[in-house]
Amino acid sequence: MAVKYGAEQVVSRLRDVLKEDGLIFVAAVGSGISAKFSERGGADIIATYSIAKYRMMGFSRVSYLPICDANAITEDLGKNEILPIVRDTPVVAGVFAPNPTLNTQVLLDEYARLGFSGVMNCPTIALLDGWYRQSLEDMCMGYEKEVELTRLAADMGFFTQPFATNPEEAERMVEAGAHMVIAHLGGTVPVDEPEERERQIEESAKKCIVIFEAVKKIKEEVFVAVHGGPFAFPEDVKELKKRIPMLEGFLGGSSAERLPVEGPIRKAVSDFKSIKA
């Protein structure tokens with residue numbers, strides 16, 4: 001069963017990673033076997049949320065449709081698959097805070113009882129835009145709910161690692177008590193063509209820098225990390241680190257559990273099918 005850590009204990013563990021010139025790696029997983037081998041591979045944090053569950057079902061984007069209770073999925077996934085298999089790594093749970101029926105205090109009390117060490121705003125409303133995003137904001141179902149979640153979780157002693165998509169969101173999360181802010185660049189999409197890959201990495205670096213600078217300007221000790229966009233493989237993150245030395249962490253979802261198995265599973269089955277009588 002996973003160990004429940006307080007926020008300062010998690011922060012101390014992450015500081016030790018940086019002291020060794022390492023990069024903090026958060027493995028966002030949707031199955032027990034992904035959690036098990038992410039920990040064996042050295043993940044510093046294991047996160048779980050409804051999107052990860054759907055990813056392992058083969059439907060990553062489905063979680064943004066009104067077909068499920070994201071928080072119920074996360075609670076069930078954590079209780080029955082992730083927390084029982086993890087041994088020493090802090091486990092962070094995603095919360096869909098804008099849910100108008102959610103009693104956040106009750107949910108966080110349950111997460112604490114189950115053994116989660118941290119909380120994050122996932123799924124996040126920050127990835128939505130246009131009239132739909134504005135209508136949610138107007139109904140008080142917007143990003144401020146995620147800020148309130150972060151503030152309450154931090155006050156309760158949880159480690160908090162919220163997503164932010166721009167400097168303003170990042171600033172609000174730092175002021176709410178976030179311990180790590182993760183720049184969310186959208187879904188993870190590998191880029192094969194060299195020139196296009198270079199262009200996307202450069203554009204993403206510009207987005208990250210303004211978010212990271214906003215965080216560090218308010219509170220230097222808050223960790224800064226990135227997720228998504230063209231950063232699918234280790235070499236992609238290495239390229240970003242060259243451009244942004246202040247980068248301290250990376251959250252990998254598809255990078256941790258989907259991309260590593262898609263090719264090998266297909267090849268294994270194909271190899272068996274190649275056997276002739």
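The structure we're discussing is the one just above.
Residues numbered from 1 in each chain as written. Predicted model: local features only at pLDDT ≥ 70, side-chain atom pairs only at ≥ 80, totals over all residues. Heavy atoms only, no water.

Participant: Would you mind going over helix α4 (residues 70–85) with me for this structure?
Facilitator: Think of an α-helix as 3.6 residues a turn; residues three or four steps apart then line up on the same face. Helix length check: α4, at 16 residues, gives a terminal C-alpha distance of 21 Å against a target of 22 Å (1.5 Å per residue), a fit within 8%. Along its length, α4 reaches its greatest deviation from straightness, about 50°, at Gly78. Among the residues of α4, those classed as buried are Ala70, Asn71, Thr74, Glu75, Leu77, Gly78, Ile82 and Leu83. Of the surrounding secondary structure, the elements contacted by the buried residues of α4 are α2 (32–41), β2 (45–48), α3 (50–57), β3 (91–94) and α5 (104–114). If you check the start of α4, you find a side-chain oxygen 3.1 Å away from the backbone N of Asn71, and it comes from Asp69. (Helix = DSSP H or I, 4+ residues; strand = E, 2+ residues; numbered from the N terminus. Expected span 1.5 Å × (residues − 1). Bend = angle between axes of the 7 residues up to and from the residue. Buried < 20%, exposed > 50% of the residue type's maximum accessible area, 1.4 Å probe, protein only. Contact = heavy atoms within 4.5 Å. Polar contact = N/O pair within 3.5 Å; in protein donor to acceptor, adjacent residues only side chain to side chain.)

Participant: Help me understand the side chain of His179, please; the structure alone is not making it clear to me.
Facilitator: With respect to the helices and strands, the residue His179 is situated in the loop between α8 (167–175) and β7 (180–188). Within the local environment of His179, its side chain forms a polar contact with the backbone nitrogen of Thr160, the two atoms lying 3.0 Å apart. Leave out the neighbours within four places in its chain, and His179 touches Ala7, Glu8, Val11, Ala154, Phe158, Phe159, Thr160, Val222 and Phe223.

Participant: So what exactly am I meant to see when it comes to the nonpolar core here?
Facilitator: Ranked by size, the top nonpolar core spans 29 residues in total, and within it Val181, Phe212 and Val226 carry the most contacts. Where this core is concerned, the elements lending two or more residues are α7 (143–155), α8, β7, α9 (194–218), β8 (223–229) and α10 (234–243). Residues contacting Phe212, with those up to four places away along its chain left out, are Ala183, Val224, Ala225, Val226, Ile244, Met246 and Leu247. (Core = buried A, V, L, I, M, F, W, Y, C linked by side-chain atoms within 4.5 Å.)

Participant: Could you clarify how one ought to interpret the pairing of strand β1 (residues 24–28) in this entry?
Facilitator: Along a regular strand, successive side chains alternate from one face of the sheet to the other. Of all five residues making up β1, four are buried, and the element is well covered by its neighbours. Pairing geometry for β1 and strand β9 (residues 249–252), over four bridges, is parallel. By the bridge assignment, Ile24 is partnered in β9 with Gly249. Tracing the backbone out of β1, into α2 and back to the parallel element β2 gives a crossover that is right-handed. (Pairing = 2+ DSSP bridges. Right-handed = clockwise from strand over helix to strand, strands pointing away.)

Participant: Before we go on, may I ask you to explain the packing of α5 against α7 in this structure?
Facilitator: Helix packing for two helices is described by the angle between their axes and how far apart those axes are. Contact geometry for α5 and α7: axes closest at 11 Å, N-to-C directions at 45°. Accordingly, the angle class assigned to the pair α5 and α7 is oblique. Like other packed secondary-structure pairs, α5 and α7 cross with a definite hand, here right-handed. Contacts between α5 and α7 involve Thr104, Gln105 and Leu108 from the former and Leu149, Leu152 and Ala153 from the latter. Residues of the contact of α5 with α7, tallied by class, amount to four nonpolar, two polar and no charged. (Axes fitted to C-alpha atoms, helices over the stretch in contact; angles between N-to-C directions. Parallel < 35°, antiparallel > 145°, perpendicular 65-115°, else oblique. Left-handed = near helix turned anticlockwise from the far one by under 90°. Nonpolar A, V, L, I, M, F, W, Y, C, P; charged D, E, K, R; others polar.)

Participant: Looking at this structure, I do not really get the layout of surface pockets. What am I missing?
Facilitator: Over the atoms rolls a probe the size of a water molecule, and its path tells where empty space is left. Computed from the structure, the largest pocket encloses a volume of approximately 370 Å³. At the level of elements, α4 and α6 (130–138) are the ones that each hand at least two residues to the lining of the largest pocket. Here the residues of the lining of the largest pocket are counted per class, giving 12 nonpolar, four polar and one charged. Lining the second largest pocket are 13 residues, with Phe25, Phe37, Ser38, Gly41 and Ala256 positioned closest to its centre. Going through the elements one at a time, β1, α2 and α11 (254–273) are the ones with two or more residues in the lining of the second largest pocket. (1 Å grid on protein atoms, 1.4 Å probe; cavity = no way out; pocket = protein on both sides within 12 Å on 5 of 7 lines; lining within 4 Å. Points joined across faces, edges and corners; volume = space filled by probe spheres on them.)

Participant: Would you take a moment to explain the side chain of Lys216 for this structure?
Facilitator: Mapped onto the elements, Lys216 comes out in helix α9. Contact partners of Lys216, with chain neighbours within four places excluded, come to Val222, Phe223, Val224 and Glu248.

Participant: Explain a nonpolar patch on the surface here, please?
Facilitator: Together, Val261, Ile265 and Val269 give the surface a local cluster of nonpolar side chains, amounting to about 250 Å² of exposed area. Mapped onto the elements, Val269 comes out in helix α11. (Patch = residues over 30% accessible without salt bridge, like charges linked within 9 Å, V, L, I, M, F, W, Y side chains within 5 Å. Areas by Shrake-Rupley, 256 points an atom, 1.4 Å probe, with all protein chains shown as cover. Salt bridge = Lys/Arg side-chain N within 4 Å of Asp/Glu carboxyl O.)

Participant: Got a minute to help me understand unusual backbone geometry in this structure?
Facilitator: Glycine aside, a negative phi is what most residues show, and trans is what most peptide bonds show. With an omega of 0°, the peptide bond between Cys122 and Pro123 qualifies as cis. Of note, Pro123 is situated in the loop between β4 (118–120) and α6. One non-glycine residue, Asp21, adopts positive backbone phi at about 60°. Mapped onto the secondary structure, Asp21 falls in the loop between α1 (7–19) and β1. For Cys140, which is not a glycine, the phi torsion comes out positive at approximately 60°. Its place among the elements puts Cys140 in the loop between α6 and α7.

Participant: What should I look at first to understand the sheet that holds strand β5 (residues 159–160) in this one?
Facilitator: Strand pairing in a sheet relies on backbone hydrogen bonds. The paired strands run either parallel or antiparallel. Within the open sheet, the nine strands sit side by side as β5-β4-β3-β2-β1-β9-β8-β7-β6. Their pairing is parallel. In this open sheet, the two strands that pair with only one neighbour each are β5 and β6 (163–164).

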